[in-house]
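Chains, contacts and geometry: an overview
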Amino acid sequence: MLSIQTYLRTIVDGEFHLAVGGLGPTEMRVAILLMNVGIIVFGAPVVLRIGGHPFTWCDLLMATTSAGLLALYGYEMGVHVKRLSREDPPHG
């Protein structure tokens, strides 16, 4: 969704910004690298069971990251929709 939002902003604004909310592909790659190093160093033991389903710290970290990126998507979309609404109000 963030990629599609980036592409739409490129078409509408005429500017290509790869980073969203200060996070770009390099930061994501570094985060993935750190998580893999963490798995090598600490392993991925089950830290929580919900309804009989095991979850590791990696699962919890990825769920938190996903929720954060979804919230960032909603925030960024709201900011741009408000800006575009001011620039080109609806014609009635």
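On a predicted model such as this, the values are computed, not experimentally measured, just so you know. (Residues numbered from 1 in each chain as written. Predicted model: local features only at pLDDT ≥ 70, side-chain atom pairs only at ≥ 80, totals over all residues. Heavy atoms only, no water.)

What the protein chain contains, in helices and strands, is 3 helices and 2 strands. Along the chain direction, N to C, the helices and strands of the protein chain fall in the order α-α-β-β-α. Considering only C-alpha atoms, the protein chain reaches an extent of 60 × 30 × 15 Å along its principal axes. The burial tally for the protein chain puts 12% of its 92 residues in the buried class. (Helix = DSSP H or I, 4+ residues; strand = E, 2+ residues; numbered from the N terminus. Buried < 20%, exposed > 50% of the residue type's maximum accessible area, 1.4 Å probe, protein only.)

Before going further, it helps to examine helix α3 (residues 57-87). Residues separated by three or four positions in an α-helix point in the same direction, a consequence of the helix having 3.6 residues per turn. Its 31 residues give α3 an end-to-end C-alpha distance of 45 Å, which sits within 8% of 45 Å, the value for a rise of 1.5 Å per residue. What α3 keeps buried is the set C58, L72, E76 and H80. For α3, the elements touching its buried residues are α1 (2-13), α2 (25-42) and β2 (53-56). (Expected span 1.5 Å × (residues − 1). Contact = heavy atoms within 4.5 Å.)

In this structure, strand β1 (residues 46-50) lies alongside β2, joined through 4 bridges in antiparallel fashion. Of the residues in β2, the one forming a bridge with V46 is T56. Remark: 2 residues form the turn of the hairpin made by β1 and β2, two consecutive strands paired antiparallel; G51 in that turn has positive phi of roughly 60°. (Pairing = 2+ DSSP bridges.)

On to the pattern of salt bridges, then. Throughout the structure, instances matching the rule amount to 3 salt bridges. With a closest N to O distance of 2.9 Å, R83 and E87 form a salt bridge. Here R83 and its partner E87 are both found in helix α3, 4 residues apart, which amounts to about one turn of the helix. Residue R83 is classed as partly exposed on the basis of its relative accessible area, which comes to 22%. (Salt bridge = Lys/Arg side-chain N within 4 Å of Asp/Glu carboxyl O.)

Helix length check: α1, at 12 residues, gives a terminal C-alpha distance of 16 Å against a target of 16 Å (1.5 Å per residue), a fit within 8%. At the C-terminal side of α1, G14 shows a positive phi close to 75°.

In this section: the side chain of Q5. Among the structural elements, Q5 can be located in helix α1. Excluding its chain neighbours within four sequence positions, the residues that come into contact with Q5 are Y73, E76, M77 and H80.

Attention shifts here to the confidence of the model for the protein chain. Per-residue pLDDT for the protein chain has a mean of 89; in total, 99% of the residues score no lower than 70. Element-level pLDDT for the protein chain is lowest in α1, with a mean of 86, against a maximum mean of 95 in β2. (pLDDT = per-residue confidence, 0-100.)

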